[in-house]
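Here's the letter readout for the chains.
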Amino acid sequence: MASEMFGRSGPLHLTVVDWKNIHHRRSIAASLVQGVYTLECDRQENRQGPYALAPPWWDFFHFQLFRVLFDEADHSIFGAIYEFRFPSSYPNHFGQHQNPPRYVIAFRGTIPKSSTRSQDLMLDLKVIRNRLEESSRFLRAMQAVQDTVAFAGAANTWLAGHSLGSAIALLAGRNMVKMGCHLESYLFNPPFISAPVERIKHEKLKHGVRFLSSAITAGLAVAVNGRGQCSQTGYPFAALSTWIPYLFVNPSDPICSEYVSYFEHREKMVTFGAGAIGRLATQNSVASLLSGALGKEMEPSHLLPSAYMTVNRCPCSDIKQAHGIQQWWKLETTSTLAARLHQFT
């Protein structure tokens, strides 16, 4: 039954994997995140052995489940560490001979079911308040990342996550950069907490609102720093620019759509000769600056200096489809994707 369920929606087109192909890597990373979702659903439904639906999501790509990550608050499965097992036919099994990761650490997003709803929504609120780093789930995730990198190495470890899980992976990745480790990371529909300016249809009005917002943020940053306060935790924002995670967003998804304008607006500010304002606004948020002025450090963990951003412009029937993880492993999605490197300078 498990293989049948995977066959209905899983990326069966990847019978030969080219690890140099970003579309293949994207599909595999998304599938491993789906494996975490399905692990938790198996736990809730008490599906075990041949009735478990999760294993095909990693078995198909020659991974095995190395470790399951549990949330101590509700005992739910929120993450998994997968270990790649080289098939006997390797390297001829693969199209191009770039080695796959030895380990992938994947995190699920919110599951709106009774046994997980309360804890997941509380963590969603922490994301909005920029307090995710204080949660026990993140601390457990961060320890798992550090332990894995300690014995496998940064070059052999990937991070992947969707929605809330993407916020965890992003924050863990940022923290690892500060420790000198750059992890290949796949962030699907990560939350961007801001006013929904991207929903404004009038382009000139939208740009005007963004310019005003950037000017206010930059001005506040100068005011706070001028008073001797530190608007960040002390780690230079530009130093994070050497880490370039793969970012996957859908402009129809209000949870992550602001990332599109976040990067594009910064480049427009440079074009209009206001690059300095754009750079200041890029690395700060009004909330973090106000907290800094009050003596409470609160680094805006969702902000990124650099990213290789892929935008899915396929028309979506509803927000659920636009926010869904399944769009990132489907073969037909590839034709609607636009990818571009955005790097802080």
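Cut-offs applied
- Residue indices follow the written sequence of each chain, beginning from 1 at its first position.
- In keeping with the model being predicted, local features are shown solely for residues with a pLDDT of at least 70 and side-chain atom pairs are shown and tallied solely at 80 or more, while totals for entire chains, interfaces and linings include all residues.
- The side-chain figures draw on all heavy atoms in the structure; neither hydrogens nor water molecules are used.
- Only runs of H or I of at least four residues qualify as helices and only runs of E of at least two qualify as strands under DSSP, and these elements are numbered from the N terminus.
- We call two residues contacting when some pair of their heavy atoms lies within 4.5 Å.
- What we call a nonpolar core is a set of buried Ala, Val, Leu, Ile, Met, Phe, Trp, Tyr and Cys residues that are connected through their side-chain atoms within 4.5 Å.
- Burial here depends on accessible area, computed with a 1.4 Å probe over protein chains only, as a share of the maximum for the residue type. Under 20% is buried, over 50% is exposed, and the range in between is partly exposed.
- Aromatic rings from Phe, Tyr and Trp, with only the six-membered ring used for Trp, were paired whenever their centres fell within 6.5 Å, and each pair was classed as stacked if the ring planes differed by under 30 degrees, edge-to-face if by over 60, and tilted otherwise.
- Two strands make a pair as long as DSSP finds a minimum of two bridges between them.
- A fitted line through C-alpha atoms represents every axis, and for helices the fit uses only the stretch in contact; the resulting angles, taken between N-to-C directions, go from 0 to 180 degrees.

- The name an unreviewed UniProt entry gives the protein is GDSL esterase/lipase, with Escallonia rubra as the organism.

**Overview of the side chain of Thr 157**
- As for its placement among the helices and strands, Thr 157 is situated in strand β4 (residues 157-162).
- With sequence-adjacent residues up to four places away left out, Thr 157 is seen in contact with Tyr 103, Ile 105, Thr 148, Val 149, Ala 152, Leu 183 and Glu 184.

**Topic: the nonpolar core**
- The biggest cluster of nonpolar side chains holds 46 residues, and the ones touching the most others in it are Phe 107, Leu 132, Val 145, Leu 247 and Tyr 259.
- Only β2 (77-84), β3 (103-107), α4 (117-128), α5 (136-152), α6 (164-178), β6 (246-249), α8 (258-271) and β7 (307-312) provide two or more residues apiece to this core.
- A per-element tally of this core places α6 first, with nine residues.
- Not counting residues within four places of it along the chain, the set of residues in contact with Leu 132 comprises Leu 123, Lys 126, Val 127, Phe 138, Leu 164, Ala 167, Ile 168 and Leu 171.
- Judged by nonpolar contacts, the second largest core, of 34 residues, contains Leu 32, Phe 84, Tyr 186 and Phe 248.

**Remarks on the packing of aromatic side chains**
- Following the criterion strictly, the structure yields 25 aromatic pairs and no others.
- Ring geometry for Tyr 186 and Phe 248: centres 6.3 Å apart, planes at 10 degrees, overall stacked. A residue pair is termed long-range when its members are at least 10 positions apart, and Tyr 186 in strand β5 (residues 184-188) and Phe 248 in strand β6 qualify at 62 residues.
- Taking relative accessible area as the criterion, Tyr 186 reaches 0% and is therefore assigned buried.
- Their ring planes at 55 degrees and their centres at 5.4 Å tell us that Phe 248 and Trp 328 sit as a pair that is tilted. Linking Phe 248 in strand β6 with Trp 328 in the loop between α11 (319-323) and β8 (337-342), this pair joins segments that are 80 residues apart in sequence. Assigned by exposure class, Phe 248 and Trp 328 land together as buried.
- Every member of this aromatic cluster is reached through a ring pair, and the members are Trp 19, Phe 63, Phe 84, Phe 86, Trp 158, Tyr 186, Phe 188, Tyr 246, Phe 248, Tyr 308 and Trp 328.

**Quick look at the sheet that holds β4**
- In space, the eight strands of this open sheet follow the order β1-β2-β3-β4-β5-β6-β7-β8, with mixed pairing throughout. The open sheet has two edge strands, β1 (63-70) and β8, and neither has a second partner. Each neighbouring strand pair of the sheet contributes to a mean axis angle of 15 degrees, computed without reference to strand direction.
- Relative to the sheet, helix α2 (residues 22-45) contacts β1, β2, β3, β4, β5, β6 and β8, its axis offset from that of β2 by approximately 130 degrees.

**Considerations on the pairing of β7**
- Taken across its six residues, β7 has five buried, putting it largely inside the fold.
- Alignment of β7 against β8, held across six bridges, turns out to be antiparallel. For Asn 312, the partnering residue across the bridge sits in β8 and is Leu 337.

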